[in-house]
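Coordinate analysis (summary)
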Amino acid sequence: MENPQLNQHGELRHLLSIEGLPAGIVRHILDTAESFVAVAEREVKKVPLLRGKAIFNLFFENSTRTRTTFEIAAKRLSADVVNLNIGASSQSKGETLLDTVDNLAAMQADMFIVRHGQSGASHLIARHVAPHIHVINAGDGRHAHPTQGLLDMFTIRRYKQDFTRLRVAIVGDVLHSRVARSEIHALNVLGVPEIRVIAPKTLLPAEVEQMGVHVYHDMIKGLKDVDAVIMLRLQNERMRGALLPSAHEYYKYYGFTKDKLAHAKPDAIVMHPGPMNRGIEIESGVADGGQSVILPQVTFGIAVRMAVMSILAGS
Ligand code: NCD
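None of these values were measured; they are calculated from a predicted model. (Residues numbered from 1 in each chain as written. Predicted model: local features only at pLDDT ≥ 70, side-chain atom pairs only at ≥ 80, totals over all residues. Heavy atoms only, no water.)

Around the ligand, the neighbouring residues are Arg65, Thr66, Arg115, His145, Gln148, Arg178, Val179, Arg233, Gln235, Pro273, Gly274 and Pro275. With respect to the ligand, the side chain of Thr66 contributes an N or O atom lying 2.9 Å from an oxygen atom. For the ligand, whose unbound accessible area comes to 310 Å², protein coverage reaches 92%. When atom positions are compared with the pocket grids, the ligand is found to occupy the largest pocket. Elements supplying a minimum of two residues to the shell around the ligand: helix 2 (65–76) and helix 7 (178–189). Class assignment for the residues of the shell around the ligand results in 3 nonpolar, 5 polar and 4 charged. Formed jointly, the shell around the ligand draws a minimum of three residues from each of two domains, domain 1 (23–145 + 298–313) and domain 2 (146–295). (Near = heavy atom within 4 Å. Polar contact = N/O pair within 3.5 Å; in protein donor to acceptor, adjacent residues only side chain to side chain. Areas by Shrake-Rupley, 256 points an atom, 1.4 Å probe, with all protein chains shown as cover. 1 Å grid on protein atoms, 1.4 Å probe; cavity = no way out; pocket = protein on both sides within 12 Å on 5 of 7 lines; lining within 4 Å. Sits in = over half its atoms within 2 Å of the grid points. Helix = DSSP H or I, 4+ residues; strand = E, 2+ residues; numbered from the N terminus. Nonpolar A, V, L, I, M, F, W, Y, C, P; charged D, E, K, R; others polar. Domains from an automatic or database assignment.)

As a further point, take the packing of aromatic side chains. A complete count under the given rule lists 3 aromatic pairs for this structure. Both rings, one in Phe56 and one in Phe112, keep their centres 6.1 Å apart while their planes meet at 55°; by these two values the pair is tilted. Placement of Phe56 in strand 1 (residues 54–59) and of Phe112 in strand 3 (residues 111–116) is noted, with a sequence separation of 56 residues between them. A relative accessible area of 0% places Phe112 in the buried class. Ring geometry for Phe154 and Phe300: centres 5.1 Å apart, planes at 65°, overall edge-to-face. (Phe/Tyr/Trp six-rings, centres within 6.5 Å; stacked < 30°, edge-to-face > 60°. Buried < 20%, exposed > 50% of the residue type's maximum accessible area, 1.4 Å probe, protein only.)

What follows is about the domain arrangement of the protein chain. Per the domain assignment, the segments making up the protein chain are domain 1 (23–145 + 298–313) and domain 2 (146–295). With centres defined by C-alpha atoms, the gap from domain 1 to domain 2 works out at 26 Å. Across the boundary between the two partners, domain 1 contributes 31 residues, which contact 29 residues of domain 2. Counting the surface domain 1 buries against domain 2, the share from its top three residues, Arg142, His145 and Phe300, is 31%. Our enumeration of links across domain 1 and domain 2 arrives at 4 salt bridges. A salt bridge links Glu61 to Arg178, with the shortest nitrogen-to-oxygen separation between them at 2.8 Å. Counting the contacts that link domain 1 with domain 2 gives 13 residue pairs in polar contact (both at pLDDT 80 or more). Those elements that place two or more of their residues in the side of domain 1 that touches domain 2 are helix 1 (23–40), helix 2, strand 3, strand 4 (134–140) and helix 12 (294–313). The element that contributes the greatest number of residues to the side of domain 1 that touches domain 2 is helix 1, accounting for 9 residues. (Contact = heavy atoms within 4.5 Å. Buried area = accessible area lost by both parts, 1.4 Å probe. Salt bridge = Lys/Arg side-chain N within 4 Å of Asp/Glu carboxyl O.)

Here it is in structure tokens:
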């Protein structure tokens, strides 16, 4: 089947999901991001790669980190960036998603960065736009959040180097998490031999094992000897009906405390895509502790987003 993300030369044209991306492209993004980390350490944190390009940040759903780091990344590449917090505004006036996009394309947009509550929204836009316009999925429903998956891989590589020797655990609300899905695809494509998901049955998608993961319901067993732990936020806004007995009960079994961290390898890193719910899925002592790389994830996110935008603009 034709991959809508690639052009006829097999180059990345849009970034919509990690699923289906060749390993070579994933590695190329991570390698390119390395060079942009160095840019951020300079006094003048700017390169002229996207000078004159118009990038539209199209956020139909709230976001702090993702929207801001995309904006900073675009600015560091010298692009002109326009932020639209559409929420429900033009849509509440009855405009369709594609009409909104057409109007922005008429303003000579070169790239759209799209966050939308509906799975598949960025695919729809990518299929619709003119060939010179690039689309980046910044999170669609429960489906995918590829730049988050990539920045998490970048972070793991920075601290652990070789993917092919790692044991990585993803803990919490996998069912509602586009981040978990993108991470699982990325870890698989990069050759991580053991990917674990740790969650109660009610927060796991049916047949999650088919994604190439081992399932644990007991967090202590699941954390044993892992090299990296990725915590997920409880996505209360996406839960319909009660999937959990209570927040207190959840914390007891799946809250990440120092006691539980002691079961991972002594040099295991602790990650979280944010926003964190302290005292619900993670204890402050772990979130702020010596093994936490939660804030470096945010910093690396800028370099990874610069890498994706510059690669797309060059295709
Ligand atoms: C995530 C998201 O929005 O998908 N956050 C993020 O992008 N940093 C995860 C979440 O909301 O829990």
